[in-house]
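# Geometric and topological summary
Single-letter residue listing:
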Amino acid sequence: MLKPDRETGTEENQAPPRELPFQSTAVPPEQLDKELLYNYLAGEISVRRGEWESAYEHLMAASQEAKDPVAASKAARLAWRQGEMQKAGEAIALWIAYQPNSLAARQLALLKALRSQDMTEAMKQARASISIADALGKDGFLLLGSALASAKGESKIRLMKNLVRDYPDNAHAQYALALVASQEKKYDDALAAADAASHLDPDWDIPYLLQVQIHALRGDEAAAEETLRNAARKHPDSASIQEAYGRLLMQQKKYAEALKRFQQALKQKPQDQELRYLIGVLALQTENWELARSTWEMLRDEPRFQKQDEAWYFLGQLEELQGNLEQAIKNYQHVKNGRLKNEALLRVAILTGKLGNLTESRELFRNLRITAPHDAAQTYVTEAELLKEMGRTDEALDIYDEAIRAYPEDTDLRYARGLLAADLQRVDLAEQDFKAVLRRKPDDTDALNALGYTLADLTNRYQEAFEYINAAYKQSPDSPAILDSMGWVLYRLGNTEQALKYLQKAAEKLDDPEIAAHLGEVLWVTGARDKARKIWKQAIENHPDNKKLRKTVQRFL
């Protein structure tokens, strides 16, 4: 659960220390005698041996003779871990007697009282803890909330409600109640207390974040989002709220809005390098090249960031996205360690090939398969896709053949080779690979759809194709690719009316040239030729290099 940053006892937010509320009357002996020294040593030896009862007795004896709170605290914790509450209580009493302003002693006494349902004693220790914390300049209510996390049952909620009645105007008391209630999944009580904290201290941002967490814990994502949105509006200068809202927007893929929130948060926390990292990622995502460059260069040159390799990687991404492939390679080559090292090497291999140095590129791919064998299968796929993109489909097929000989059970390799075989109109090989995937993974929607579409597009086995596509559709009825396949096989079966429904739904979900080609063809044969022309025209403007789209259009125009 959230703990308010401003109340953690840092120098910036501590109140000036005041006189401690309790005085100890215990007077330790001026020197250690033999008996006392023996009990200390025997207690420590017994602890190391795991002989807790003997350790307890010796530590208690040493504590009583020397009026020593340290020995008493050790005895208390030993007994507590063993579940010996009576012995623990005796030791805690000595600990408090010798060190009455110890928050740890008071909190353990509080937990013992709650365990035995002694609410009077629990309230006494809670009030003492708050007084001590206040004198130390700490948030006693937050400390109580943290201490009570280990307690079980609703008695701790009753305790906090009693304290709230004692401190009716204290927002921190309400916040602590909200924390404790949420620990016990009493979400209505927790929300009410968090809301009360917000009303008592409208300038305090943290209760809003707790409300968001509580809504999320009870599964009400809509309420969590609305609360966070309202909090962001009310607290534009709260770094915590702006960052939390930014992360939510990022999850929703609202990258431009998320970027603004992170930038707003960074104004309040200019040394927060993780925030700056998120800004760098989103600047790339939103093609804000100037911001991306300045952010990643700043992180690259910041020794405290300690992720210079990642900064170099994203500087490589920046150059690659802008088409500066040679500079991108140079940046990627600076990535010597870390989680992105192999990805950087992969990008170097790809870009080297795109620059025309195919022999060097393929050598880089081979080296990467040796140095990163756990990713070798995916490296094969990447190399084959590069070769396919460069029009060297026979070589791409050779790469897949080599890969499948090395990893015959890898379904990803089989699926990828099947797609290439279908592109080459090698129906026999495509069918072989897709069925190999389905033997191992009978419900694989991608393989079902790919096999069905291949049979519908390249053979006259339309009913068989429909069975495969329908099996995929039952599992993923909203997939644009599967909707397109369903529309296409229905068209092949002569059901143009139903085909149009699926193809139009697919086109609404995804701007894809093949979907546009199929939809335009079905519209054309049904007589809606103006609509077909319009769809094709728009698709060619968006995807001028798509061969299948152009080939389809050329057949009809």
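The coordinates are above.
Residues numbered from 1 in each chain as written. Predicted model: local features only at pLDDT ≥ 70, side-chain atom pairs only at ≥ 80, totals over all residues. Heavy atoms only, no water.

### Here's the deal with the overall build of the chain
If you tally the helices and strands in the chain, you get 31 helices and zero strands. For a compact globule of 557 residues, the expected C-alpha radius of gyration is about 24 Å, and the chain comes in at 34 Å, more than 25% above that figure. Classification of the 557 residues of the chain by burial places 48% in the buried group. A separation of at least 24 residues holds for 50% of the contacts in the chain among residues at least 6 apart in sequence. (Helix = DSSP H or I, 4+ residues; strand = E, 2+ residues; numbered from the N terminus. Rg over C-alpha atoms; globule rule 2.2 N^0.38 Å. Buried < 20%, exposed > 50% of the residue type's maximum accessible area, 1.4 Å probe, protein only. Contact = heavy atoms within 4.5 Å.)

### Side note on the side chain of Ser155
Its location among the elements puts Ser155 in helix H8 (residues 155–166). On the basis of relative accessibility, which here comes to 5%, the residue Ser155 falls in the buried class. Setting aside anything within four residues of it in sequence, one finds Ser155 in contact with Leu114, Gln117 and Met119.

### Points about the pattern of salt bridges
On inspection of all chains with the given rule, the structure shows 38 salt bridges. Put simply, Arg127 and Asp166 hold a salt bridge, and the shortest N to O gap is 2.8 Å. Of this pair, Arg127 sits in helix H6 (residues 119–135) while Asp166 sits in helix H8, and the two are 39 residues apart along the sequence. Classification of Arg127 by relative accessible area gives partly exposed; the value is 37%. Here Arg366 makes a salt bridge to Glu363, at a shortest N to O gap of 3.1 Å. (Salt bridge = Lys/Arg side-chain N within 4 Å of Asp/Glu carboxyl O.)

### With respect to helix H9 (residues 171–183)
Under the 1.5 Å per step criterion, the end-to-end length of H9 is 19 Å for 13 residues, consistent within 8% with the ideal 18 Å. Among the 13 residues in H9, 12 count as buried, and that is most of the element. Inspection of H9 places Ala171, His172, Ala173, Gln174, Tyr175, Ala176, Leu177, Ala178, Leu179, Val180, Ala181 and Ser182 among the buried residues, and these make up the whole buried set. Contact partners of the buried residues in H9: helix H7 (140–147), H8, helix H10 (187–200) and helix H11 (206–217). At the N-terminal boundary of H9, the capping side chain belongs to Asn170, with an oxygen 2.8 Å from the backbone nitrogen of His172. Of the residues trailing H9, Lys185 is marked for its positive phi of about 60 degrees. (Expected span 1.5 Å × (residues − 1). Polar contact = N/O pair within 3.5 Å; in protein donor to acceptor, adjacent residues only side chain to side chain.)

### Digging into unusual backbone geometry
For Gln117, which is not glycine, the phi torsion reads 60 degrees and is therefore positive. For Gln117, the position within the fold is in the loop between helix H5 (103–115) and H6.

### Thoughts on the packing of H10 against H11
Running from N to C, H10 and H11 cross one another at 165 degrees; their axes reach a closest spacing of 9 Å. Between H10 and H11, the angle falls in the class roughly antiparallel. The chirality of how H10 crosses H11 is left-handed. Listed contacts from H11 to Tyr187, Ala190, Leu191, Ala194, Asp195, Ala197 and Ser198 of H10 are Pro207, Tyr208, Gln211, Ile214, His215 and Leu217. (Axes fitted to C-alpha atoms, helices over the stretch in contact; angles between N-to-C directions. Parallel < 35°, antiparallel > 145°, perpendicular 65-115°, else oblique. Left-handed = near helix turned anticlockwise from the far one by under 90°.)

### Regarding the nonpolar core
Most often, soluble globular proteins have nonpolar side chains that are buried together. Ranked by internal contacts, the top residues of the largest apolar core, which has 105 residues, are Leu110, Leu114, Leu148, Leu159, Leu163, Tyr175 and Trp296. For this core, the element with the highest residue contribution is H9, accounting for nine residues. Setting aside residues up to four positions removed in sequence, Leu163 forms contacts with Met123, Ala126, Arg127, Ile130 and Leu144. Ranked by size, the runner-up nonpolar core spans 60 residues in total, among them Ile404, Ala450, Leu455 and Ala517. (Core = buried A, V, L, I, M, F, W, Y, C linked by side-chain atoms within 4.5 Å.)

### Digging into the packing of aromatic side chains
Counted under the stated rule, the structure contains 16 aromatic pairs. Between Tyr277 and Phe314, the aromatic rings sit 5.9 Å apart at their centres with planes inclined by 90 degrees, giving edge-to-face as the arrangement. One end of the pair, Tyr277, is in helix H15 (residues 273–285); the other, Phe314, is in helix H17 (residues 308–321), with 37 residues separating them in the sequence. The same class applies to Tyr277 as to Phe314, namely buried. Pairing Tyr313 with Phe314 gives two aromatic rings, centres 5.3 Å apart and planes at 85 degrees, and the pair type is edge-to-face. (Phe/Tyr/Trp six-rings, centres within 6.5 Å; stacked < 30°, edge-to-face > 60°.)

### Some points on a negative patch on the surface
Where like charges cluster on the molecular surface, the negative patch consists of Glu53, Glu57, Glu84 and Glu90. Along the polypeptide, Glu84 turns up in the loop between helix H3 (69–81) and helix H4 (85–98). Given the relative accessible area of 34%, Glu84 is considered partly exposed. (Patch = residues over 30% accessible without salt bridge, like charges linked within 9 Å, V, L, I, M, F, W, Y side chains within 5 Å. Areas by Shrake-Rupley, 256 points an atom, 1.4 Å probe, with all protein chains shown as cover. Lys, Arg positive; Asp, Glu negative; His and termini not counted. Charge placed at Lys NZ, Arg CZ, Asp CG, Glu CD.)

Nothing here speaks to function; it is geometry throughout.
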